[in-house]
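Inside the fold
The lines below spell out each chain.
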Amino acid sequence: MVNDVPKNKQLILFDGVCNLCNSSVLYVIKRDTKNKFLFAPLQSDIGKSITSQFKIDTNKVDSILLYNPSEQKVYHKSTAALHVAKQLSFPTKLMAIFFLVPTFIRNWVYDFVAKNRYKWYGKKDACMIPTPELKAKFLM
């Protein structure tokens, strides 16, 4: 399954039932002008395969994950979000300046939002189903 991710792409794993996460995915798709990213819910087979291979307990890591197959590495929390942002179109790529902020501070903010995301943005009963136009961007 992990080998299904092309080496020239990166895979963003997200909480498929989270409204904030789904909105964030659509935001990234719109600004991914170089077509660098693919997407999959954490709850999908490929999501489970990657979390298993990298021994990530999704009950403890409440985060988006960015899998980079060329590096065989997974980024999480604010580091994943900033690695994504720096590869998007202007002005979103300017968010990379937040790499200057120490990780423990960035992740404290990230964790605060993650902990409250369902309360603030709501939750779906099932994972987002991509439209036919977006289907090629998703691995399930």
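Right above here is the structure, for reference.
As the structure is a computational prediction, the values presented were derived from the model and not from experiment.

What the protein contains, in helices and strands, is four helices and four strands. The order of α-helices and β-strands along the protein, N terminus first, is β-α-β-α-β-β-α-α. Relative to its length of 140 residues, the protein is compact, with a C-alpha radius of gyration of 14 Å against a globular reference of 14 Å. The dimensions of the protein, computed from C-alpha atoms along their principal axes, are 35 × 30 × 30 Å. Taking all 140 residues of the protein together, 44% fall into the buried category. A separation threshold of at least 6 residues defines the contact pool for the protein, and within that pool the share at least 24 residues apart is 68%. In the form shown here, the protein has an accessible surface area of approximately 8,200 Å², with 60% of it arising from carbon and sulfur atoms. Across the protein, the 21 positively charged side chains and the 10 negatively charged ones have centroids separated by 6 Å.

With that settled, consider the sheet that holds strand β3 (residues 65–68). In space, the four strands of this open sheet follow the order β2-β1-β3-β4, with mixed pairing throughout. Looking at strand neighbours, the two that pair on one side only are β2 (37–41) and β4 (73–76), the edges of this open sheet. The mean angle between the axes of side-by-side strands here comes to 25°, regardless of whether they run parallel or antiparallel. Direction of pairing for β3 relative to β4: antiparallel, over a ladder of four bridges. If you follow Leu66 over to β4, its bridge partner there is Tyr75. Packed onto the sheet, helix α2 (residues 45–53) meets β1 (10–14), β2, β3 and β4 and runs at close to 100° relative to β1. Running at roughly 105° to β4, helix α3 (residues 77–85) makes contact with β1, β2, β3 and β4 of the sheet.

Membership of the largest hydrophobic core comes to 17 residues, with the highest contact counts inside it found for Ile12, Phe14, Val28, Phe37, Phe39, Leu66 and Val84. Of the residues forming this core, the biggest block, four residues, is contributed by helix α1 (residues 19–31). Not counting residues up to four positions away in its chain, the partners in contact with Phe37 are Gln10, Ile12, Val28, Asp32, Leu66, Val84, Gln87, Leu88 and Lys137. With 14 residues, the next largest nonpolar core counts Leu11, Leu13, Val74 and Leu139 among its residues.

In terms of residue burial, α3 counts as a mostly covered element, since eight of its nine residues are buried. All of the buried residues in α3 are Lys77, Ser78, Thr79, Ala80, Leu82, His83, Val84 and Ala85. On the buried face of α3, the contacting elements are β1, α1, β2, β3, β4 and α4 (103–121).

The next thing to look at is the side chain of Gln87. The residue Gln87 is located in the loop between α3 and α4 in this model. A distance of 2.9 Å separates the side chain of Gln87 from the backbone oxygen of His83, its partner in a polar contact. Apart from residues no more than four positions distant in its own chain, Gln87 is found in contact with Gln10, Lys36 and Phe37.

Once that is clear, we can look at the packing of aromatic side chains. Taken as a whole and assessed by the stated rule, the structure comprises five aromatic pairs. A ring pair is formed by Trp108 and Phe112, whose centres lie 6.0 Å apart and whose planes are at 10°; its orientation type is stacked. Pair noted here: Trp108 and Phe112 are both in helix α4, with a separation of four residues, about one helical turn. Taking the relative accessible area as the measure of exposure, Trp108 reaches 60% and is therefore exposed. Residue classification places Phe112 among the partly exposed positions, given a relative accessible area of 42%. One Lys or Arg, Arg31, reaches over the ring of Tyr27 and ends 3.6 Å from the middle of that ring.

Definitions and limits used
Residues numbered from 1 in each chain as written. Predicted model: local features only at pLDDT ≥ 70, side-chain atom pairs only at ≥ 80, totals over all residues. Heavy atoms only, no water. Helix = DSSP H or I, 4+ residues; strand = E, 2+ residues; numbered from the N terminus. Rg over C-alpha atoms; globule rule 2.2 N^0.38 Å. Buried < 20%, exposed > 50% of the residue type's maximum accessible area, 1.4 Å probe, protein only. Contact = heavy atoms within 4.5 Å. Areas by Shrake-Rupley, 256 points an atom, 1.4 Å probe, with all protein chains shown as cover. Lys, Arg positive; Asp, Glu negative; His and termini not counted. Charge placed at Lys NZ, Arg CZ, Asp CG, Glu CD. Pairing = 2+ DSSP bridges. Axes fitted to C-alpha atoms, helices over the stretch in contact; angles between N-to-C directions. Core = buried A, V, L, I, M, F, W, Y, C linked by side-chain atoms within 4.5 Å. Polar contact = N/O pair within 3.5 Å; in protein donor to acceptor, adjacent residues only side chain to side chain. Phe/Tyr/Trp six-rings, centres within 6.5 Å; stacked < 30°, edge-to-face > 60°. Lys NZ or Arg CZ within 6 Å of the ring centre and 35° of its normal.

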